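Observations on the model geometry
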Amino acid sequence: MGIKKVMVIGAGQMGSGIAQVCAQSGYEVLLNDMNEEALNKGLKNIEKLLTRAVDKERITSEDKENTLSRLTGSTDLSDASDCDLVIEAVVENMDVKTDVFRKLDEITPAHAILASNTSSLPITEIAAATNRPEQVIGMHFMNPVPVMKLVEIIRGLQTSDQTYESIKEMTNQLSKTPVEVNDYPGFVSNRILMPMINEAIYTVYEGVATPEDVDTVMKLGMNHPMGPLTLADFIGLDTCLYIMEVLYEGFGDSKYRPCPLLRKYVKAGWLGKKSGRGFYVYE
């Protein structure tokens, strides 16, 4: 059975982006969030992004209307009862995620695939909360989802070949590039990216250079489109700290130890762009 109807759980930046690209690619999509205000905000954001795409002549007005017609809001998890695929994009917390997957296992039809957009947590552990671990997989989209082409597809210990092939095929349908990754802390993207960001923070912490100069070196010297500290602010310093802690705990290697300055900023509430201050100040 092919994937036709998709539920995306979590109407934040990642969830709404995933819902948008699924609806644009012809899937019937339910965007679910327990918080009605967050759900409405997510749906409005999708409409705003589609309107902007029409204005820039990337899509037609008809494309926009067709996409919106395939998109429905939901505040009840039981709406997943006839979905072929559920993509979870809730807070990066193992207890929250396993609770969601436990419920989905009871609600969704037997053939449904359950996917997590986790950026660092083990798929094998999430899958163990269900009675269908062979149908649980990771789909790690990049932010902003409508723009970024990569999807890391993470196979848990028991993920079946059939599940992997279905998700790989769907990822291609979304005009994304799938990359197969095995279930290790941080997968590929964050295992490489986060230690680089952490090291950039150490260079500031040790007084080697200012944040501006660190970012300039990486942009002009290494041809990065964005400096690591600007990127950290964009991702959220609390998220960066959380992923570094997952890596540190998962590998038990001191090279993944989060920089004390990162911890200090998070404790101060300097979380980056979303809080108005991180390594830079945002109006």
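The residue numbers shown here count from 1 along each chain, following its written sequence. It should be noted that, the model being predicted, local features are given only for residues of pLDDT at least 70 and side-chain atom pairs only at 80 or more, the latter also being counted only at that level, while totals for whole chains, interfaces and linings use all residues. No hydrogens and no water enter the side-chain calculation; it runs on all heavy atoms of the structure.

Examining helix α11 (residues 260-267)
Working definition: with a 1.4 Å probe on protein chains only, accessible area under 20% of the residue-type maximum means buried, over 50% means exposed, and in between means partly exposed. Secondary structure elements follow DSSP: runs of H or I no shorter than four residues count as helices, runs of E no shorter than two count as strands, and numbering proceeds from the N terminus. Those residues of α11 that fall on the buried side of the exposure criterion are Leu261, Leu262 and Tyr265. The arc that holds every buried residue of α11, seen down its axis, measures 105°, which confines them to one face. In α11, the exposed positions angled more than 90 degrees off the buried face are occupied by Lys264 and Lys267. Contacts are assigned to residue pairs with any non-hydrogen atoms lying within 4.5 Å of each other. Its buried side turned inward, α11 meets α7 (189-205) and α10 (237-251). Immediately beyond the C-terminal end of α11, within one or two residues, lies Gly269, with a positive phi of roughly 85°. What the arc measures is the spread of directions leading from the helix axis to the C-beta atoms.

A few points about the pairing of strand β8 (residues 177-182)
Relative to β8, strand β7 (residues 150-155) runs parallel, the two being bridged by six bridges. In the strand pairing of β8, Glu152 is matched with Val179. By the convention used here, strands pair only if DSSP detects at least 2 bridges between them.

Here's the deal with helix α2 (residues 36-55)
End to end, α2 covers 29 Å across 20 residues, agreeing with the expected 28 Å (1.5 Å per residue, within 8%). By the burial criterion, the buried members of α2 are Leu39, Gly42, Ile46, Leu50, Ala53 and Val54. Summarising the axial view, the buried residues of α2 lie within an arc of 120°, below the 170-degree limit, and thus occupy one face. The exposed residues of α2 that point more than 90 degrees off its buried face are Glu37, Lys41, Lys44 and Asp55. Buried positions along α2 lie against α1 (13-24), β2 (28-32), α3 (61-69) and β3 (71-74). One side-chain oxygen at the N-terminal end of α2 lies 2.9 Å from the backbone nitrogen of Glu37; it belongs to Asn35. Positive phi appears at Glu57, one or two residues downstream of α2, with a value of about 60°. A helix is expected to span 1.5 Å for every residue after the first. Here a polar contact is taken to be a pair of N or O atoms separated by no more than 3.5 Å, where protein atoms must pair a possible hydrogen donor with a possible acceptor and residues adjacent in sequence count only if both atoms sit in side chains.

Points about the UniProt feature "domain: 3-hydroxyacyl-CoA dehydrogenase NAD binding" (unreviewed entry) in the protein
UniProt positions are given in the numbering used here, feature names are shortened, and annotations may be inferred rather than shown by experiment. Taking the UniProt record as the reference, the feature "domain: 3-hydroxyacyl-CoA dehydrogenase NAD binding" (unreviewed entry) is found at residues 5-183. Within residues 5-183, the helical portion is 41% and the strand portion 22%, while the C-alpha atoms at the span's ends are 26 Å from each other.

Points about the pairing of strand β1 (residues 5-9)
Counting buried positions along β1 yields five of five residues, so the element is predominantly enclosed. A two-sided burial pattern is seen for β1, the buried positions comprising Lys5, Met7 and Ile9 on one face and Val6 and Val8 on the other. Assignment of crossover handedness uses the view with strands pointing away from the viewer, where a clockwise path from the first strand over the helix to the second indicates a right-handed crossover. With α1 bridging β1 and the parallel β2, this β-α-β connection has right-handed handedness. As judged from the four bridges shared by β1 and strand β4 (residues 85-88), these two strands associate in the parallel manner. The partner of Met7 across the bridge, within β4, is Val86.

Comments concerning the UniProt feature "binding site: NAD(+)" (unreviewed entry) in the protein
The sites that UniProt annotates as "binding site: NAD(+)" (unreviewed entry) are Gly10, Ala11, Gly12, Gln13, Met14, Gly15, Asp33, Glu92, Lys97, Ser119, Asn143 and Lys274. An extended arrangement is adopted by the annotated residues: their sequence extent is 265 residues, and the largest C-alpha distance between any two is 23.0 Å. Within the element layout of this structure, Gly12 appears in the loop between β1 and α1. On the secondary structure map, Glu92 appears in the loop between β4 and α4 (94-107). Not counting residues within four places of it along the chain, the set of residues in contact with Glu92 comprises Lys97, Thr118, Ser119, Ser120, Leu121 and Tyr242. There is a polar contact of 2.9 Å between the side chain of Glu92 and the backbone nitrogen of Ser119.

Focus on a positive patch on the surface
The patch calculation keeps residues exceeding 30% relative accessible area without a salt bridge and links them within 9 Å when they carry like charges or within 5 Å when they are nonpolar (Val, Leu, Ile, Met, Phe, Trp, Tyr). The protein chains shown are the only cover counted for residues, whose accessible areas, like all others here, come from Shrake-Rupley with a 1.4 Å probe. For this document, the term salt bridge refers to a Lys or Arg side-chain nitrogen within 4 Å of an Asp or Glu carboxyl oxygen. Positive charges come from Lys and Arg alone, negative charges from Asp and Glu alone, with His and the N- and C-terminal ends not counted. In plain terms, the charge of a residue is placed at NZ if it is Lys, CZ if Arg, CG if Asp and CD if Glu. Together, Lys41, Lys48, Arg52, Lys56 and Arg58 make up a region of like positive charge exposed at the surface. Tracing the backbone shows Lys48 in helix α2.

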